[in-house]
Amino acid sequence: MMLASVLTTNLAILVLAGFIGFVVISKVPNTLHTPLMSGTNAIHGIVLLGGLLLLGLANLGALDKALLVIAVAFGTINIVGGFLVTDRMLDMFKSRPKPKASEESETKTPAGAQDTNGKGGS
Amino acid sequence: MSAPVLATSFLQSESFIYVLYIIAFALFIQGLRGLSGPTTAVRGNRIAAVGMAIAVVATLLNPGESNWGLIVMGVGLGVAVGVSAARQVKMTAMPQMVALFNGVGGGAVALISWVEFRSHGSTYGSHPIEVGGFVVHVGGPPAYVAIFSVFAAIVGSISFWGSNIAFGKLQEILPGRPITLGRAQQLVNLLLLTLAVAAGVALVAGTHSELLFIGMLIVAALLGNAVVLPIGGADMPVVISLLNAFTGLSAAATGMALNNPALIVAGMIVGASGSILTNLMAVAMNRSIPAIVAGGFGGGGAVQGASGAGAHDGTVRSTSAADAAIQLAYASRVVVVPGYGMAVAQAQHAVRELTKELEDRGVEVSYAIHPVAGRMPGHMNVLLAEADVPYDQLKEMDDANPEFARTDVSLVIGANDVTNPAAKNTPSSPIYGMPILEVADSRSVIVIKRSMNPGFAGIENELYFDPKTSMLFGDAKSAVSEITAELSAL
């Protein structure tokens, strides 16, 4: 019974994560699909955790250790390379010296003043 | 006895570690939310990276953790390779890079499953028995651990080999054209899949044979090769995206087997993301995913025969850089339509120079980008962003199409099938129904292209025979630079 509940809890997490994934990813515009792909690619490098956990097991043979070191190296390449390359790409989308934003910040100031007036009235 | 204890106690009992995992996956989700716009995206990616760091630290906190030397070695190796690869890769080579990173991820999954089998496989197949209304598992980990682990092994192996083949094709180590066994291909694929699944079932049921496990990995590896080798270069983005989804799902399966929530959530989100992108691309190419996986499309002679209706005897008008420059200089609105040719020629900076020159002359310039232009969705956007093209000049297909009618010159640079009017006008064409950039609606069209060779789909482009189209033959980069030179001399 205990084990069954672990399984069902994890299944619930799995299903919910799937739905969240669909909702979040659907909001990403076409323009950013390449960085999205490399970013999510980096995220599945999380299998590294599996490699790290198994390296903690007792009585691993030489072959096990060799396989796990390769797995850990693979997972790390996946994570580090993936995030770095995504960062490089996204930086190019952002770093645009564009003198804008001076027009939008003007309208807000009077609202704050009125608010404090209303509170001080009592 | 030791297996369930290992699988559950040291992963699960530590509430603190579990909480760290929850924080980690929350950061992944928050990070991906940031990718909804270019201004928040950089931070989003970094948030996700922080989440990853937390997940790794949480794992290392496990009391049972040992073999630190090996961990440092593996991580050090991975960091060295990952950093140098990510720093050095050219933006044009991004699809290969993603394929390669995806492949190592899949490889890691397969290796981890293998070691997991070596450690616990001898206890697979213990059967649940009912005692007084409760189900009790005797002898080994519950069946689902074995099922997910074996699933992860198969999918990880497919993903590793498939991604490597995709990398080889994109890097042009392997020929880009489909390599197929012909009619037997699908039968062979089906056979391999059946074999892999059968081996997996036998293992789960309690065949404690490591040889069988290795055999299963090999069969899955062959399947990965057999599925990707027959796929042509044009379909590669779909394949990479599909394999990305596969690796994600295999990571989620590993998480289910190891009872690790961070792995489950991260893997599943990647699986969802990959599925969405794959589907989007398949729609944009007017192909079904099974048809793409079945292969054969993308540059074969067979397709050419099917498009016989497009056998034109019309004439093609070729132009010179000087004439093109004049045509562009007197336009009031120019739309640039980039395609893979631009990426191959590394022409994005030259294109930016040209459009700057045009903007200085008061010409309104924008870029129309087809969802599958290039070798990856959004690939063109990355290249143009690299060349400092403002984000708001990049128009997606649905925004760009209504604008072509009031466009004086459409400048098509290394794009082909995505501009082919046959997709709208010729029901017999293999690409009929595919959404295209309606370049033919503009007042005139200049196409920069290496030669009259058909594109990856192997279909002739009616656009080139349109009287208002002129062709400028040559390498995209040098042709664009020549136009810019002529333009500044005007």
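Residues numbered from 1 in each chain as written. Chains lettered and ligands numbered in written order. Predicted model: local features only at pLDDT ≥ 70, side-chain atom pairs only at ≥ 80, totals over all residues.

Caption draft 1: Quick peek at the overall build of chain B. A tally of helices and strands in chain B yields 19 helices and eight strands. Here the contacts in chain B between residues at least 6 apart in sequence split such that 80% fall between residues at least 24 apart. (Helix = DSSP H or I, 4+ residues; strand = E, 2+ residues; numbered from the N terminus. Contact = placed C-beta atoms within 7 Å.)

Caption draft 2: Highlighting the overall build of chain A. For chain A, the count of helices and strands is five helices and zero strands. Mapped from its N terminus to its C terminus, chain A presents α and β elements in the order α-α-α-α-α. Going through the 122 residues of chain A one by one, you find that 48% of them count as buried. Contacts in chain A between residues far apart in sequence, at least 24 positions, make up 79% of those at least 6 positions apart. (Buried ≥ 20, exposed ≤ 12 C-beta atoms within 10 Å, placed from the backbone.)

Caption draft 3: Geometry of the nonpolar core. By size, the foremost hydrophobic cluster in this structure holds 197 residues, and its most contacted members are Ile46 of chain A together with Ala266 and Ile413 of chain B. In terms of residue count, the dominant contributor to this core is helix H4 (residues 62–94) of chain A (17 residues). Among residues more than four places away in sequence, those in contact with Ile413 of chain B are Val336, Val337, Pro338, Gly339, Gly341, Met342, Ala347, Val351, Ile448, Ala476 and Val480 of chain B. (Core = buried A, V, L, I, M, F, W, Y, C linked by C-beta atoms within 7 Å.)

Caption draft 4: A look at the interface of chain B and chain A. Taken together, the contact pairs 102 residues of chain B with 77 residues of chain A. No other element matches helix H5 (residues 94–120) of chain B, which puts 17 residues into the side of chain B that touches chain A. Here the side of chain B that touches chain A is built from residues that sort into 65 nonpolar, 30 polar and seven charged. (Nonpolar A, V, L, I, M, F, W, Y, C, P; charged D, E, K, R; others polar.)

Caption draft 5: Structural context of the pairing of strand S7 (residues 444–449) of chain B. Residue and element names in this part refer to chain B. Most of S7 sits inside the fold, with five of its six residues counted as buried. Pairing of strand S6 (residues 409–413) with S7 involves five bridges; the strand directions are parallel. Looking at S7, one finds that Val412 is bridged to Val447. Here S7 runs beside strand S8 (residues 469–473); their pairing, made up of five bridges, is parallel. The residue bridging Val445 from the neighbouring strand is Thr469, located in S8. (Pairing = 2+ DSSP bridges.)

Caption draft 6: Inspection of the confidence of the model for chain A at higher detail. Put simply, chain A has an average pLDDT of 79, and 74% of its residues get 70 or more. For residues 98–122 of chain A, every residue scores under 50 in pLDDT, and the model assigns this stretch one contact once sequence neighbours within four places are set aside. (pLDDT = per-residue confidence, 0-100.)

Caption draft 7: Quick peek at unusual backbone geometry. The backbone of Asn67 of chain B shows a phi angle near 55°, a positive value even though the residue is not glycine. Mapped onto the elements of the fold, Asn67 of chain B is located in the loop between helix H3 (38–60) and helix H4 (68–88).

Caption draft 8: The packing of H5 of chain B against helix H6 (residues 143–170) of chain B, seen in detail. Residues and elements named next belong to chain B. In the contact formed by H5 and H6, the axes pass within 7 Å of each other and the chain directions differ by 155°. Relative to H6, the element H5 is oriented roughly antiparallel. Judged by the twist between their axes, the crossing of H5 over H6 is left-handed. Here the contact of H5 with H6 is built from residues that sort into 13 nonpolar, 12 polar and one charged. (Axes fitted to C-alpha atoms, helices over the stretch in contact; angles between N-to-C directions. Parallel < 35°, antiparallel > 145°, perpendicular 65-115°, else oblique. Left-handed = near helix turned anticlockwise from the far one by under 90°.)

Caption draft 9: Representation of helix H9 (residues 236–258) of chain B in the model. All names here are of chain B. The end-to-end C-alpha separation of H9 is 33 Å, in line with the 33 Å expected for 23 residues at 1.5 Å each. By the criterion of burial, H9 is predominantly enclosed, with 23 of the 23 residues buried. Positive backbone phi, approximately 60°, marks Asn259, located one or two places after H9. (Expected span 1.5 Å × (residues − 1).)

Caption draft 10: Examining the environment of Arg177 of chain B more closely. Of note, Arg177 of chain B is situated in the loop between H6 and helix H7 (184–205). On a C-alpha basis, the gap between Arg177 of chain B and Ala345 of chain B in space is 20 Å, while along the polypeptide they are 168 residues apart.

Caption draft 11: Region of interest: the packing of H5 of chain B against H9 of chain B. Residues and elements named next belong to chain B. The geometry of H5 relative to H9 is characterised by a closest axis approach of 10 Å and an angle of 30° between their N-to-C directions. When the interaxial angle is binned, H5 and H9 end up roughly parallel. Our pair here, H5 against H9, has a crossing hand that is left-handed. Across from Pro95, Val98, Ala99, Asn102, Gly105, Gly106, Val109, Ile112, Ser113 and Glu116 in H5, the residues of H9 making contact are Met236, Pro237, Ile240, Leu243, Asn244, Thr247, Ser250, Ala251, Thr254 and Ala257. The residue makeup of the contact of H5 with H9, split by class, is 11 nonpolar, eight polar and one charged.

Caption draft 12: Local environment of the pairing of strand S3 (residues 333–338) of chain B. All names here are of chain B. S3 sits mainly inside the fold: five of its six residues count as buried. Pairing analysis gives four bridges linking S3 to strand S4 (residues 364–369), with the strands arranged parallel. The residue of S4 that forms the bridge with Val334 is Val365. For S3 and S6, the ladder comprises five bridges, and the chain directions are parallel. Bridged to Val335 within S6 is Ser410.

Caption draft 13: Here's a closer look at the confidence of the model for chain B. Residue and element names in this part refer to chain B. Residues with a pLDDT of 70 or more make up 88% of chain B, whose mean pLDDT is 85. Looking over chain B, one finds the lowest element-wise mean pLDDT in helix H12 (residues 301–306), namely 36, and the highest in H4, namely 95. Segment residues 297–311 is flagged for pLDDT under 50; beyond a separation of four residues in sequence, or across chains, it makes 37 contacts in the model. Interface confidence in the predicted complex, given as ipTM, is 0.83; pTM for the same model is 0.82.

Caption draft 14: Region of interest: the sheet that holds S7 of chain B. Residue and element names in this part refer to chain B. With parallel pairing, the six strands of this open sheet are ordered in space as S5-S4-S3-S6-S7-S8. Unpaired on one side and paired on the other, strand S5 (394–396) and S8 mark the two borders of the sheet. Adjacent strand axes in the sheet meet at a mean angle of 25° when their direction is disregarded. Running at roughly 175° to S3, helix H15 (residues 348–360) makes contact with S3, S4 and S6 of the sheet.

Caption draft 15: Fine view of the environment of Phe213 of chain B. Residue and element names in this part refer to chain B. Mapped onto the secondary structure, Phe213 falls in helix H8 (residues 210–228). Classification of Phe213 as buried rests on a count of 24 C-beta atoms within 10 Å. Sequence separation between Phe213 and Ile154 is 59 residues, and the spatial gap between their C-alpha atoms is 9.7 Å. When sequence neighbours within four positions are dropped, the list of residues in contact with Phe213 reads Trp114, Phe117, Gly121 and Leu203.

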